[in-house]
Amino acid sequence: MHFGFSYVGLIYLVLLFIPNIIWTKHRPKDYEEYVKKESRFLLFMERAGEILVTATAVFFSDFNLRMWTAWCWWLVVSFLLMILYEIYWIRYFRSGQTMKDFYSRLLFFRVAGATLPVAAFFLLGIYGSNILMILSSLILGIGHIGIHLAHEKEIYGARKKPPFPLRFGKGILITALVLFFGILSTGIAIRNVRYFNHYGNLFEGVDEQVYLSLGGEEQYVLMTGKNVKNPVIIYLHGGPASPDTFCTYTFADYLTDDYTFICWDQRGCGRTYYKNEAADPQNVTATYEQALTDLDELVDYALQRFGQQKVILMGHSYGTILGSRYAQAYPEKVSALVSVAQVTSLEKTDLYSYRDALARAQEAGEDTRDLEKAYIAFCAEKSGKNQMALRKETAKYHPVRVRDNAIWMSATSPYFGMDDLKWFLVQLGDLNEYYKLNRQLFDETLDFDIYRMDNHYQMPVYFISGTDDWICPLDSVEEYMDSISAPEKSLVRFTGCGHNVQYSKPEQFAETVKEILK
């Protein structure tokens, strides 16, 4: 939730108040007699809901228009309900203005004058991902709709029950809607709660989601921190083309007291891809060398924006390739390198993983034909598809004891958006199409061998690995660390964790980062 003036909320309130002001001079005959019988509890809920909805609609900017995504359909439907609300009033003012006119149905809406605005504000809360508006509209609905349903019953009496199949179907539909909106509202509430501690960043720090021009392309960058004078960490996601910017809050929130944390969706993936899809739909510009150029421009921006002389680079998986290369190319701009699940050579590490899995399978007396077949296919053609097929087979023999909850963390993230979901679905879809989108990056990554690089670093280098990581096996990281020279180097092992240490134990991971960077 974001404090600030909402012009959309104000428009909704105007659409709500004007007909009601006019109505005070056009009330149905005998309406006051019905008012005398109103429940005090429902009346209290109605008044409380009116105050809460009015305040929330105006003082949170979440409801204002923004760049179109599929999520904006909530606003469209919400506004259509407000239009129906205006139509309801026009019909009433042109009628005989009796109690029956006041409570006649509009389409399939009972007590339309009450249900339509409540539903509109509820969906506005969904659109704005604002739990206060959702709860406020529910409070208003209990009171406002409850009062008018009681009046309707007085006028028309008890309605005849429809046939059982119709009642049963209606019950199923209502139950499904309650469950759907209940789960959705719960997710929004968790997102809001998880963002509360970020309000402290707004005073002396930074909490921004922006698109920066990097390498001539608008790229999505997230920056958080409680003091802009703190050292800067730039996080490089893995993959390639597997952004997790929306999920980094899980460990970054424990770092923002001491550091300004920056992460970004690199060229060719995530929000950056969709921002530039029209200009570069096939990711022609998404190359390894271009990624280094983009990173250099991001580093320069961070140095200038936050008044620093150097930045700390933190890479994960593929991001360690980018981080290692950049640290050696621009040592004057990097104060330390933190490598999480260091990539040394994917060809060699997959071979290492295969041999270990094969030994375990043979020891257990299991059929190894599928495993061997996957390895032969990978050796014949080192493609991303064959690599994933091989990892699927080896993973059967390499269970991770401490798993991460990345899916739940993402779904309840205060930064998760529709473009993040779209890209996630791309990754889950046709692997050939996914690899084709970033063919150059995948080919260069599969061919990467860190031992071809200079093994001397001019800044401290710290490695963090899970003992159950078989994508970047611990032994390969230990071997590489022993081969390099640096002012300081160390390796922290997380027992039982797999490839995503930062999500398996986010708080412990952050504390480890702070400790080694002291």
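To keep things clear, this report deals only with the structure shown in the data block. (Residues numbered from 1 in each chain as written. Predicted model: local features only at pLDDT ≥ 70, side-chain atom pairs only at ≥ 80, totals over all residues. Heavy atoms only, no water.)

So, about helix H14 (residues 346-363). With 18 residues, H14 should cover 26 Å at 1.5 Å per step; its first-to-last C-alpha distance of 25 Å lies within 8% of that length. For H14, the complete set of buried residues consists of Leu346, Thr349, Asp350, Ser353, Tyr354, Ala357, Leu358 and Ala361. Check the buried side of H14 and you find it contacts helix H15 (369-380), helix H16 (384-394), helix H20 (439-446) and helix H21 (474-483). Positive backbone phi, approximately 70 degrees, marks Gly365, located one or two places after H14. (Helix = DSSP H or I, 4+ residues; strand = E, 2+ residues; numbered from the N terminus. Expected span 1.5 Å × (residues − 1). Buried < 20%, exposed > 50% of the residue type's maximum accessible area, 1.4 Å probe, protein only. Contact = heavy atoms within 4.5 Å.)

Within strand E4 (residues 260-264), 5 of the 5 residues are buried, leaving the element largely enclosed by the surrounding structure. Residues Thr260, Ile262 and Trp264 line one face of E4 and the alternating positions Phe261 and Cys263 line the opposite face, and both faces are buried. Where strand E2 (residues 217-225) meets E4, 4 bridges bridge the pair, whose relative direction is antiparallel. By the bridge assignment, Val221 is partnered in E4 with Trp264. As paired strands, strand E3 (residues 232-236) and E4 are joined by 4 bridges and run parallel to one another. Its bridge partner lying in E4, Ile234 is registered against Ile262. (Pairing = 2+ DSSP bridges.)

The sheet built from 8 strands is open, its strands ordered E1-E2-E4-E3-E5-E6-E7-E8 with mixed pairing. In this open sheet, the two strands that pair with only one neighbour each are strand E1 (206-214) and strand E8 (489-494). When the angles between neighbouring strand axes are averaged without regard to direction, this sheet yields 20 degrees. Sheet analysis places E3 next to strand E5 (residues 311-316), joined by 4 bridges and oriented parallel. Within the sheet, the bridge partner assigned to Ile234 lies in E5 and is Leu313. Strands E3, E4, E5 and strand E6 (334-340) of the sheet are contacted by helix H13 (residues 318-329), whose axis makes an angle of about 145 degrees with E5. Each of E3, E5, E6, strand E7 (461-466) and E8 touches helix H23 (residues 506-517); the most contacted strand, E7, lies at about 160 degrees to it. (Axes fitted to C-alpha atoms, helices over the stretch in contact; angles between N-to-C directions.)

Regular strands place side chains that alternate from one sheet face to the opposite one. Of all 7 residues in E6, 6 are buried, a share of seventy percent or more. When E5 meets E6, the two strands line up parallel, connected through 6 bridges. Across the sheet, the residue bridging to Gly315 is Ser339, located in E6. Relative to E7, E6 is paired through 4 bridges, and the arrangement is parallel. Within E7, the residue paired with Ser339 across the bridge is Phe463.

Don't take any of this as a statement about function, it's just geometry.
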